[in-house]
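# Observations on chain architecture
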Amino acid sequence: QSACGPEQSAPKMLLICPPPVSEIGPLEDMFEGAAAKSALMADYYRQIAKIYQCEFLNAGGVIEVSEVDGIHYSAEVHQKLGMVVAQRVQSIFNLTS
């Protein structure tokens, strides 16, 4: 375990699982089968976070991928995710805005 955090403790980490992809648009063929597999990722990420004692955020619980290509995020979704991550970081470090 690292001692690079405050007072030589382990630093706090936030592991963020991306939302599941969709098999649509121009990348549909390239990502065939990815929707089902990516839907399982949150459970795996949660397990890893527990093993390594990290904070965990399932982005798929708050955002979705673009309907244009099934993997990227719109500007509005980026902003929403940024706000959620900022709130979570503030919570982890007991900060107030």
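Reading the values: rules and limits
- Residues numbered from 1 in each chain as written.
- Predicted model: local features only at pLDDT ≥ 70, side-chain atom pairs only at ≥ 80, totals over all residues.
- Heavy atoms only, no water.
- Patch = residues over 30% accessible without salt bridge, like charges linked within 9 Å, V, L, I, M, F, W, Y side chains within 5 Å.
- Areas by Shrake-Rupley, 256 points an atom, 1.4 Å probe, with all protein chains shown as cover.
- Salt bridge = Lys/Arg side-chain N within 4 Å of Asp/Glu carboxyl O.
- Helix = DSSP H or I, 4+ residues; strand = E, 2+ residues; numbered from the N terminus.
- Buried < 20%, exposed > 50% of the residue type's maximum accessible area, 1.4 Å probe, protein only.
- Lys, Arg positive; Asp, Glu negative; His and termini not counted.
- Polar contact = N/O pair within 3.5 Å; in protein donor to acceptor, adjacent residues only side chain to side chain.
- Contact = heavy atoms within 4.5 Å.
- Expected span 1.5 Å × (residues − 1).
- Arc of directions from axis to C-beta.

Further remarks concern a nonpolar patch on the surface. Where nonpolar side chains cluster on the molecular surface, the patch consists of Ile 48, Ile 51 and Tyr 52 and spans about 340 Å² of accessible area. By secondary structure assignment, the location of Tyr 52 is in the loop between α2 (41-51) and β2 (55-58). Among the residues examined, Tyr 52 registers a relative accessible area of 56% and is labelled exposed.

Looking now at the side chain of Asp 69. Within the secondary structure, Asp 69 sits in the loop between β2 and α3 (75-92). Lacking a salt bridge, the buried Asp 69 has Lys 80 as its closest oppositely charged neighbour, with an N-O distance of 17 Å. Here Ile 71 takes part through its backbone nitrogen, which lies 3.0 Å from a polar atom of the side chain of Asp 69. Here His 72 takes part through its side chain, which lies 2.5 Å from a polar atom of the side chain of Asp 69. For Asp 69, the contacting residues outside a window of four places in its chain are Ser 22, Ile 24, Pro 26 and Leu 27.

All right, on to unusual backbone geometry then. The phi angle at Gln 8 is positive, at roughly 60 degrees, despite the residue not being glycine. Structurally, Gln 8 can be placed in the segment before β1 (14-17). For Gln 8, a relative accessible area of 67% gives the class exposed. A positive phi angle, close to 55 degrees, is found at Asn 94, a residue other than glycine. Inspection of the secondary structure puts Asn 94 in the segment after α3.

Below, the discussion takes up α3. Here α3 is 18 residues long and its end C-alpha atoms lie 26 Å apart, about the 26 Å a rise of 1.5 Å per residue gives. Those residues of α3 not exposed but buried are Val 77, Leu 81, Val 84 and Ile 92. An end-on view of α3 places all buried positions within 80 degrees of arc, on one side of the element. α3 presents Ala 75, Glu 76 and Gln 79 as exposed residues on the side facing more than 90 degrees away from its buried surface. On its buried face, α3 is in contact with β1 and β2.

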